[in-house]
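The primary structure of each chain is shown beneath.
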Amino acid sequence: MSNDSEHARHTEYSEHIVPVATYVGVFFALMIGTALTTWVAYIDLGRWNTVVALAIAVIKMILVVLFFMHVKYNKGLTRIVILAAFFWLGIMITLSLADELTRHWELNPAPWSVLLPYLSRLF
Amino acid sequence: MSEMAAHSAHPQGFAHQFEDVGQQRDAGRLGMWIFLATEILFFGGLFTAFIIYRALHLPAFIAGSHQLEVQFGATNTAVLICSSLTMALAIRSAQVGKPRGTIIFWLVLTMLFGAAFLGIKLHYEWLRDYREGLVPGFGFNVAKYTPGVEMFFCFYFFMTGLHALHMVAGIGVLTVLIIMAARNAFSSEYYAPLEISGLYWHFVDIVWIFLFSLLYLIGGRYAQ
Amino acid sequence: MSTATMDLHDSPIESSVNYLNAGHGIRSWLLTKDHKRIGLLYLATITLNFMIGGAAAVLMRLNLIEPQGALVEPSTYNKLFSIHGIIMVFFFLVPSIPATLGNFCIPLMIGARDVAFPKLNLLSWYIFVTGSLLALYAVLSGGVDTGWTFYTPYSSTYSHTHVIAAALGIFIAGFSSILTGLNFIVTIHKMRAPGMTWFRLPLFIWAMYATSLIFVLGTPVIAITLFLLGLERILHVGIFDPALGGDPLLFQHLFWFYSHPAVYIMILPGMGVVSELITAFSRKKIFGYGFVAFSSLSIAVISFVVWGHHMFVTGQSIYAGLVFSVLSFLVAIPSAIKVFNWTATLYKGSISYEAPMLYALGFIGLFTMGGLTGLFLASLATDVHLNGTYFIVAHFHYIMVGGAVMAYLGGIHFWWPKITGRLYPDLWARFAAFVIFIGFNLTFFPQFVLGYLGMPRRYAMYPAEFQVLNVMSSAGASILGVGYLIPLVYLIWSMRYGPPAGPNPWGAKGLEWTTPSPPPTENFEAPVVVTEDAYNYPTAPEKAHV
């Protein structure tokens, strides 16, 4: 019962066919990224090692998502689903860390405790 | 089934709860993406815990990470990237109407890369780790390694183990797809199972990309 | 299609072709892909689960008649409250409205033929049954005594009860939730009938959509948490083990990241049902449709950032506690918006008091009380005093039982004519609603007082001065139990002897009321096109049916 004329559905996902060259290009980019992140790990960048490693991983992920998983050619709902999942993961990590990292702030007073003498003069 | 209009030649694989094939495709893909979102949260629990403990016990985690061999992790990363390429090409060959032999060729290659990943993991990494007393709960060498290192290896095995389970499931799915392709189930009109399985396979690849960076490379390797 | 006769023996229900008689025999039910039949399969399963969880509650309240414990040893009592919590939360409340009423009504309400993935829908029921059987195995083989919260290190290291079986049952049932939520989200996005725009959807659909978001985003986290708990129990080493530098509080963070939104899984569908009941039985458009719709989404979102209020007294950082406390106050706002809007809907409505409406009105009052008492618990200072007492027990039972279960019963009664094609005897239904209301309040109001006076929760014994209130609570529980049994009797009776309902016995608006009762398998006989808003009751209300 195909009523295409009555309610021609604007499909979420286009049937775009990605050229082989694009796939191969992304493949090489991913390989280079892997080599790069491995190489950088052997260089002492201090705290930045982690940042660089994660940044490269995120770029690789974006390439896989956009091209191999066709998200570049999809409409908005897919992107919302992906972003929502990461946002919720972010909530879990952030608020859990907010507890775990601040347990001993009594020993190192919180930044705003400098205000306490002034507040006590007000009240 | 009563008043439905006389069925003209049905599109391949059409399911009757839908109005048309476009709606069915949309629904299938949205469904798989939502499933992948649940997987992000599922693995995410482990990543959350890992991030917390790494923040609290960084030296121990670096010491643990240095027990892993980067070349195997990097090789496995490359292997999975190859498998993602071949998976994408398998779907593409269905999209452009290639014969089933071509589709099967790319699917088999994907499966081989997946199997290679698991083989390298099992033989060169996990087996060696076991022999060196690095597997918590299975003769962990508490004399040689600190509790923090044991914690790191809990995460290592839980995370790569869960990932490996997903790989095995993916290989199972590929097997089914190969059988379907052999029975001429796919065409340029109907390749939804390939595409949806491809999304799953690429997701498992992405998880590994992060596992490699977090487990093998944290804190850098320059201090070895 | 239906040859309507006036003879009850050859009723329109038997002679019409509907989803109940399309295909006979147990195979046609166990292999069905019809969302309506799957809803009924779930109804049977969760009713059985409710009885198991209820039995545990009966034994608990009998034990608490005497200060020294009248019935069971403390170790057994620990198992009773754990089983009661696990079964009621994971195997009754979480699936209750979504899997039964959601499955049945969503495609009907949006004008679709079925859900997006009917086979996945059936699979989710089988997964749920598997999880339920595992939980039942845990109960019968000796029980579990960790509390439904499974806190480490007791659950990971020291408990000698069937923790893994129970956790595995919950883990498996979680997949059932995920598949249901996934199915609902895709169905609501992709399968609405022409003309059914988002802002013409019934509010029950908005509530189910919001609930499905929580299913999909939250459930995987409890799954991985219980998985890690199981690993630690089996391997005797794991990430919650302090000996390795682990933090037992991490378990609580991961556990409550799901379990707090889970309580909104349990109440949001009920709120959706109440929106339907209030409009239908005041014959009036909902006041502030947009506000009610967005409040459902807001609750779903904000519910994910408040979980730390379960951990105020566990040693969590005070600063994190501050953040969680403020956010917990925030989550009360959308709930309050709903209560105000329902009340405004009632104002100048043409109100009748059939059983579903009684349940809806009971919900509004009891949920409000439960919600307000939550504010005492969201405040850090008062929570120190009230945490771990019966005040909390009363708080969540007011919401879960006074709220969610009332809404569930109201929804069952409201849609019963659509599901079965038959009317139940409303006088008995109203009587049962009163009995439940009285029994409920007698059971749980004394518990607020007990908690305030300091009686701890999860204790098999208590100081003698608390006995009077405990006896009142147990007496109320027996009345409540009787109240729950009454609908079982007349609803089953009505399936055979109730008068035929016709398509729209309540005169309500909504697509589900435009199709025969019971509906045909494909839901609608003619293609559905929607041209009006939800709750499009005439502004001069018609005379109420009484």
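For the structure itself, consult the block above.
Definitions and cut-offs
Residues numbered from 1 in each chain as written. Chains lettered and ligands numbered in written order. Predicted model: local features only at pLDDT ≥ 70, side-chain atom pairs only at ≥ 80, totals over all residues. Heavy atoms only, no water. Core = buried A, V, L, I, M, F, W, Y, C linked by side-chain atoms within 4.5 Å. Buried < 20%, exposed > 50% of the residue type's maximum accessible area, 1.4 Å probe, protein only. Helix = DSSP H or I, 4+ residues; strand = E, 2+ residues; numbered from the N terminus. Contact = heavy atoms within 4.5 Å. Expected span 1.5 Å × (residues − 1). Polar contact = N/O pair within 3.5 Å; in protein donor to acceptor, adjacent residues only side chain to side chain. Buried area = accessible area lost by both parts, 1.4 Å probe. Salt bridge = Lys/Arg side-chain N within 4 Å of Asp/Glu carboxyl O. Nonpolar A, V, L, I, M, F, W, Y, C, P; charged D, E, K, R; others polar. Phe/Tyr/Trp six-rings, centres within 6.5 Å; stacked < 30°, edge-to-face > 60°.

This part covers the nonpolar core. Note that soluble globular proteins tend to have their nonpolar side chains buried in a common cluster. Of all hydrophobic cores here, the largest spans 299 residues; its most connected members are Met69(A), Phe150(C) and Ile239(C). For this core, the element with the most residues is helix H10 (residues 248-282) of chain C, which contributes 21 residues. Once residues lying within four places of it in the same chain are set aside, the contact partners of Met69(A) are Val64(A), Asn74(A), Trp33(B), Leu36(B), Leu199(B), His202(B), Phe203(B) and Ile206(B).

For the rest of this paragraph, the subject is helix H3 (residues 35-63) of chain C. Here H3(C) contains 29 residues, and its C-alpha end-to-end distance of 42 Å stays within 8% of the 42 Å for a straight helix at 1.5 Å per residue. For H3(C), the N-terminal cap is Asp34(C); the gap from its side-chain oxygen to the backbone nitrogen of Lys36(C) is 3.0 Å.

Counting through the fold element by element, Thr102(A) comes out in the loop between helix H3 (76-100) and helix H4 (116-122). Reaching out from Thr102(A), the side chain makes a polar contact with the backbone oxygen of Ala98(A) at a distance of 2.6 Å. Residues within four places of Thr102(A) in sequence aside, it is in contact with Leu97(A), Ser317(C), Tyr319(C) and Ala320(C).

One widely used convention gives an interface's size as the accessible area the parts lose upon coming together. Contacts between chain B and chain A engage 54 residues on the former and 60 residues on the latter. The junction of chain B with chain A conceals about 4,900 Å² of combined surface from both sides, 75% of it contributed by carbon and sulfur atoms. Its largest share of buried area at the contact with chain A, chain B owes to Trp33(B), Ile81(B) and Tyr222(B), together 14% of the area lost on that side. Our count for the chain B to chain A interface comes out at 0 salt bridges. At the level of elements, helix H1 (21-56), helix H3 (70-95) and helix H6 (192-216) of chain B are the ones that each hand at least two residues to the side of chain B that touches chain A.

Our next topic: the interface of chain B and chain C. Of the residues lining the interface, 35 residues belong to chain B; the matching set on chain C comes to 39 residues. Looking only at chain B, the three residues that lose the most surface to chain C are Gln17(B), Phe42(B) and Phe158(B), adding up to 20% of its buried area. The salt bridge involving Glu19(B) is made with Arg113(C); its shortest N-O contact spans 3.0 Å. The interface formed by chain B and chain C includes 8 residue pairs in polar contact (both at pLDDT 80 or more). Counting only elements with at least two residues in the side of chain B that touches chain C, the list comes to H1 and helix H5 (147-182) of chain B. Considering each element in turn, the side of chain B that touches chain C owes the most residues, 16 residues, to H1(B). For the side of chain B that touches chain C, the residue count by class is 20 nonpolar, 11 polar and 4 charged.

This brings us to the packing of aromatic side chains. Residue and element names in this part refer to chain C. For the structure shown, the criterion picks out 66 aromatic pairs over all chains. Ring geometry for Phe 251 versus Phe 255: centroids 5.9 Å apart, planes at 20 degrees, classification stacked. On the criterion of helical spacing, the pair formed by Phe 251 and Phe 255 is a turn pair, its members being 4 residues apart in helix H10. The same class applies to Phe 251 as to Phe 255, namely buried.

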